[in-house]
Amino acid sequence: MSNADANTLIENRVNSGILGQWYPVSKSVEVTKDKPHGVEALGEKFVLWRDESGEVQCLSDICPHRGVPLSKGRIHNGNVSCAYHGVIVSGDGTVVSVPAMQNCALEGQKTTKSFEVYEIYDAIFVYIPSPDRPKAPPLKLPKEFVSPNWSGFLCTSVWDTNYRYAFDNLADPMHGSYLHAESFTLAYGSKEDVMDVTKTENGFIVSRTGQTSENFDWTEFEFHEGTMFCFLDIPYPKAAGPGGNMRIVGFVTPVNESTCKVFFWRMREVTGIQLESWRFLYRAELESRHWKVLEQDREILEAASDEARTHENLYQHDIGVGNIRFALFELAKSNVESDPAYGTQ
Ligand code: FES
Ligand SMILES: [Fe+2]
């Protein structure tokens, strides 16, 4: 295989999404015991539901009988039952019953792919295996998720753009001073700066060199075995109540090549009465303002064409964008090179 062919395979893999990763796919409240819930990630369809004990189950969203989506069906004693002819499949992908036909040979067969699931902080993560990592490693959680001192709200949004643009956006603190210049929290600081990238133990920080804690001034990316996420701080003015900066913990899930879903936890390091007052203020006033900011990101990225990156002329500010792209390329390269079919094409 030529280098050009190998690079095309890697580029295609970056574009569809990195395999061998945990991705948040849904809010916890969307997955119930009453009704199957269909989601898409990396171009594949999945069905999620809760069994009788409340545990989330996840299968390929394809009925083993004639392939229609199981997510259009019903829940039956903790299993999913297809709307078309009633075939019932359990959470491990085994056909439990074929009610339309006695002693059907399909019964007892494990026909449908099942996926590992983890529920944390109001979200459901699914592990999308890769050839070299078919079993999920433990999901490495952001430290804010496991600390009793942090509290927050999950906000999700579907963006009609490839996930790579959402990552680029997160790796680009400079846009805060322009795109969000009119906003409550991001109106401060200078409109001109030089960017810096610092390597960390598990990733890198991209930061403005001229200011900290005035605006959206830095983003840190962490890459662990089977997961990647980032975090950044938005300084809060006094009027926004107690506690320090608001921290965004962000995950981006590729839905398909032209859509992604962002999962942003808006968190603060507040406890006790401060926590209560922040939660109240957030619901009453701040949430709608944050939504406005997030919509500005969505609108600008959706307005760009899929080929936006072929028209680029990057400059010094894009050093973070360069770093996140390199990291995704390296992950995709290891996906591609670990595929047993690699080199035989
Ligand atoms: S297609 Fe699902 S039961 Fe027939
Ligand atoms: Fe933004």
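In this report, we go over the structure that sits alongside the text. (Residues numbered from 1 in each chain as written. Chains lettered and ligands numbered in written order. Predicted model: local features only at pLDDT ≥ 70, side-chain atom pairs only at ≥ 80, totals over all residues. Heavy atoms only, no water.)

On to the pattern of salt bridges, then. Side chains bearing opposite charge may pair, as long as their charged atoms lie close to each other. Counting across every chain of the model gives 17 salt bridges. A salt bridge links Glu285 to Arg289; the nearest nitrogen and oxygen atoms lie 3.1 Å apart. Taken as a pair, Glu285 and Arg289 lie in helix α5 (residues 272-303) at a separation of four residues, close to a single helical turn. Owing to a relative accessible area of 37%, Glu285 belongs among the partly exposed residues under this scheme. Owing to a relative accessible area of 31%, Arg289 belongs among the partly exposed residues under this scheme. Arg298 is the salt-bridge partner of Glu295, the closest N and O atoms lying 2.6 Å from each other. Placement of the pair is Glu295 and Arg298 together in helix α5, with a separation of three residues, close to one helical turn. Arg298 sits in the buried class, given a relative accessible area of 18%. One network of salt bridges, with partners in common, ties together Lys143, Glu144, Asp233 and Arg247. (Salt bridge = Lys/Arg side-chain N within 4 Å of Asp/Glu carboxyl O. Helix = DSSP H or I, 4+ residues; strand = E, 2+ residues; numbered from the N terminus. Buried < 20%, exposed > 50% of the residue type's maximum accessible area, 1.4 Å probe, protein only.)

Core analysis: the largest hydrophobic core is formed by 59 residues, its most contacted members being Phe167 and Phe221. The element that contributes the greatest number of residues to this core is α5, accounting for seven residues. The residues that make up this core include at least three from each of domain 1 (21-128) and domain 2 (143-333). Other than its neighbours up to four places away in sequence, Phe221 contacts Phe167, Leu170, Ala171, Thr200, Asn202, Gly203, Phe204, Phe229, Cys230 and Ile324. (Core = buried A, V, L, I, M, F, W, Y, C linked by side-chain atoms within 4.5 Å. Domains from an automatic or database assignment. Contact = heavy atoms within 4.5 Å.)

Once that is clear, we can look at the sheet that holds strand β11 (residues 151-159). Taken in spatial order, the seven strands make up an open sheet running β11-β17-β16-β15-β14-β13-β12, and their pairing is antiparallel. Pairing within the sheet leaves two strands with one partner each, and these edge strands are β11 and β12 (195-199). On average, adjacent strands in this sheet sit at an angle of 20° to one another, irrespective of strand direction. Summarising the sheet, strand β15 (residues 227-234) and strand β16 (residues 246-256) pair through five bridges and their orientation is antiparallel. (Pairing = 2+ DSSP bridges. Axes fitted to C-alpha atoms, helices over the stretch in contact; angles between N-to-C directions.)

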